[in-house]
Amino acid sequence: MRRFLLLYATQKGQAKAIAEEICDMAAAHGVSADLHCMSESDKYDLKTETAPLVVVVSTTGTGDPPDTARGFVREIQDRTLPADHFAHLSYCLLGLGDSEYMYFCNGVKVIDKRLEELGARRFYDTGHADDCVGLELVVEPWVDGLWAALSKHFESSRRREEMRRPLATAPDASWAAEPVRRESAHVESQIELLRLDDSGRKDSEVLEQKAVNRGQSSALIIDAESSLTRSVPRLSQASLNIPALPAEYLRVHLQEPLGQEGSQACVTSVGPVFRVPISKAVQLTTNDAVKTTLLVELDISETEFTYEPGDAFNVNCPNSESEVQRLLQRLRLADQRGHHVLVRVKADTKKKGAALPQHLPEKCSLQFILTWCLEIRAIPKKAFLRALADWTSDGAERRRLLELCSRQGAADYNRFVRDAGACLLDLLLAFPSCQPPLSLLLEHLPKLQPRPYSCASSSLSQPGKLRFIFSVVEFSPSTSEGVRRGVCTGWLASLVQSVLQAHGGKAQAAQISISPRTTNFFHLPSDPSAPVIMVGPGTGIAPFLGFLQHREKLREQHPDRHFGAMWLFFGCRHRDKDYLFRDELTHFHKHGVLTHLKVAFSRDAPEAGEEGPVKYVQDSLRLHGRQVAGLLLQERGHIYVCGDAKNMAKDVNDTLAEIISQEAGVDKLEAVKTLATLKEEKRYLQDSWS
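Source: prediction; values computed, not measured. (Residues numbered from 1 in each chain as written. Predicted model: local features only at pLDDT ≥ 70, side-chain atom pairs only at ≥ 80, totals over all residues. Heavy atoms only, no water.)

**Here's the deal with the sheet that holds strand β9 (residues 293-299)**
Moving on, step 1. One open sheet holds the six strands; their spatial order is β12-β10-β16-β8-β9-β13, and the pairing between them is antiparallel. Both edges of this open sheet fall to β12 (451-454) and β13 (465-471), since each of them pairs with a single strand only. For this sheet, the mean angle separating the axes of adjacent strands, direction not counted, is 40°.
Moving on, step 2. Where strand β8 (residues 274-283) lies against β9, five bridges are found, and the strand directions are antiparallel. Within the sheet, the bridge partner assigned to K280 lies in β9 and is E297. (Pairing = 2+ DSSP bridges. Helix = DSSP H or I, 4+ residues; strand = E, 2+ residues; numbered from the N terminus. Axes fitted to C-alpha atoms, helices over the stretch in contact; angles between N-to-C directions.)

See the structure below:
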């Protein structure tokens, strides 16, 4: 059977799940896949690989390849490699990203560009799937077209091999010259190709992808009468194309506890984990503010944890205790919550390369695993829905689950599952006859991920302390009643209540587990005389507090040194409700650490004498466009943007392009190129989240 090498690099498990689906489908198309994580470099060798290469890669952070791809990328970025290093290699790539971030699908683009530079040949168009509108809009047609592309590649390779053999009658020479044709127009119409070698498109790529996504989304007809549990014609009467049933591969046994229960130390982590006490907590907003924002200070004096201003770190958090209890009750496992979970790979499984999930510790209780190890709030993927359908006894409920995971039900899946943020518990409550075994949950629920937070302090100014801030996330899911809190922010808010209520008195210090982030790039310029522009509305101000604390301390230590200007563009809703760190910022401004402080209040009426109609940080930037352009273009300043990726970061980027276009007298395209140059020079840095 003809084979291909299938590699994946994943941060949260999506790329791995898609690669495993491709692997499972391969045999039905007459080929076999050698599946490996990209980090398992001892199991494959691209320098000698003769089979076609298929790669599925996600993007993390603000455009970085995932952690599991870091070694691979570092290896192929070696500039001493010859231009024909991979001339023998044929490949194709599927990238996963989110167009709400500026560097959409950058993880796959970095690999794609470098493989091409090293002589590798692409045998199938690169797919860029957008989680903003639904990965499946690109993933499904891309995977459908992959098999035909592989078949053509194998046929073309066979013909070339025949041409090399001494034959009595030479074949038609056109065979050897025949290029590998592009996939069908149907597939091409659903895949947006974004080329890195098209200079000047780096910032327009996301806009083009959004236009494609809007077209795809508008083509999905949604009937107002349908719901999570109910479909309407035509879907309710349609023949369904459903995904293949995922092979079961885990055998689970619940054993009464014989020894000590596991602790948080059992939770798997890439790097070191530090258990630290909360030394202080302060509510920064008034009680009637739209969002509640809290400052938390950690005591790291007894640890080896180190950080620089601008760094981020991870917080290990548990799932909601009440949600875990409701899930246990729904699964009819409440009486066994304290039992140890013993997991083994089924001897007769049909899943290729089946292995125990690394995030499931041994000798831990069922409650511990559901609380600390599994992302029970994760939006179920279609493969999970397909598996749940086979454990649903009611015919109508089973049909609806099959519809939601089918090609024909893509619009309903997006509306009632993905966009609604439905989780496993929501589905189990909506479909009462669905009674899956515990093994199915362990196979499909991803690892509970730590949550990243920006350091809001400087260890030079506050040795032994680490501050961070967050707004408590609250939302009303359309799938259930009541209000839910964010997994981590809700837990932290509850955890610090005793400290908040102490009002200066002594409260017992709660402890949390933190770990350093592996990629930190958001740092002050190495040259302290370089001007700094900081843009951070809301909690986006966090890293800039560290910058300002650090700069103040350096000015004290080096009074004769020249320090560049520091501008801060901050924004909030109301001056009197959520103007975060007002006193600290006033202090920095008064003492010359912060040379310019510009604050925009989006919900307040302008006060007498205030400059222009300023509602948002981009309005402030526009108002001071001449100075901003001068700092960036003439004085080689650095600009930092931190906060919401969905709107703010893009609006700020567009505003900067407008400013450069106007002040430098160039067209919009040239301004976008200038911003791209600033990014390449690490003078335009973003730390954004959705």
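Still more to cover.
**Quick notes on the pairing of strand β21 (residues 684-689)**
Two faces, one strand: in a regular strand the side chains alternate between the faces of the sheet.
Moving on, step 1. Within β21, five of the six residues are buried, which leaves the element mostly enclosed by the surrounding structure.
Moving on, step 2. Direction of pairing for strand β20 (residues 638-644) relative to β21: parallel, over a ladder of six bridges. Paired with I639 across the bridge in β21 is Y684. (Buried < 20%, exposed > 50% of the residue type's maximum accessible area, 1.4 Å probe, protein only.)

**What about the confidence of the model for the protein?**
Moving on, step 1. Per-residue confidence for the protein gives a mean pLDDT of 88, with 87% of residues at or over 70.
Moving on, step 2. A low-confidence stretch, residues 167-223 (pLDDT under 50), is modelled with 95 contacts involving residues beyond four sequence positions or located in other chains. (pLDDT = per-residue confidence, 0-100. Contact = heavy atoms within 4.5 Å.)

**Focus: the packing of aromatic side chains**
Moving on, step 1. Counting across every chain of the model gives 19 aromatic pairs.
Moving on, step 2. Ring plane angle 45° and centroid distance 5.3 Å describe the contact between Y453 and F468, whose orientation is recorded as tilted. In this pair, Y453 is assigned in strand β12 and F468 in strand β13, connecting sequence segments 15 residues apart.
Moving on, step 3. The rings of F274, F305, Y307, F313, Y453, F468 and F470 are connected pair by pair, giving a single aromatic cluster.
Moving on, step 4. Positioned above the aromatic ring of Y249, the side-chain terminus of K351 is 5.1 Å from the ring centre.
Moving on, step 5. The positively charged end of K382 is found above the aromatic ring belonging to Y413, 5.2 Å away from the centroid. (Phe/Tyr/Trp six-rings, centres within 6.5 Å; stacked < 30°, edge-to-face > 60°. Lys NZ or Arg CZ within 6 Å of the ring centre and 35° of its normal.)

**Details of empty space enclosed by the protein**
Moving on, step 1. Under the definition given, this model contains two cavities of 30 Å³ or more.
Moving on, step 2. By volume, the largest cavity is sized at about 40 Å³.
Moving on, step 3. For the largest cavity, the full set of lining residues is E323, L327, I376, C423, L424, L425 and R484.
Moving on, step 4. Those elements that place two or more of their residues in the lining of the largest cavity are α8 (321-330) and α13 (424-430).
Moving on, step 5. Along the lines of polarity and charge, the residues of the lining of the largest cavity split into five nonpolar, no polar and two charged. (1 Å grid on protein atoms, 1.4 Å probe; cavity = no way out; pocket = protein on both sides within 12 Å on 5 of 7 lines; lining within 4 Å. Points joined across faces, edges and corners; volume = space filled by probe spheres on them. Nonpolar A, V, L, I, M, F, W, Y, C, P; charged D, E, K, R; others polar.)

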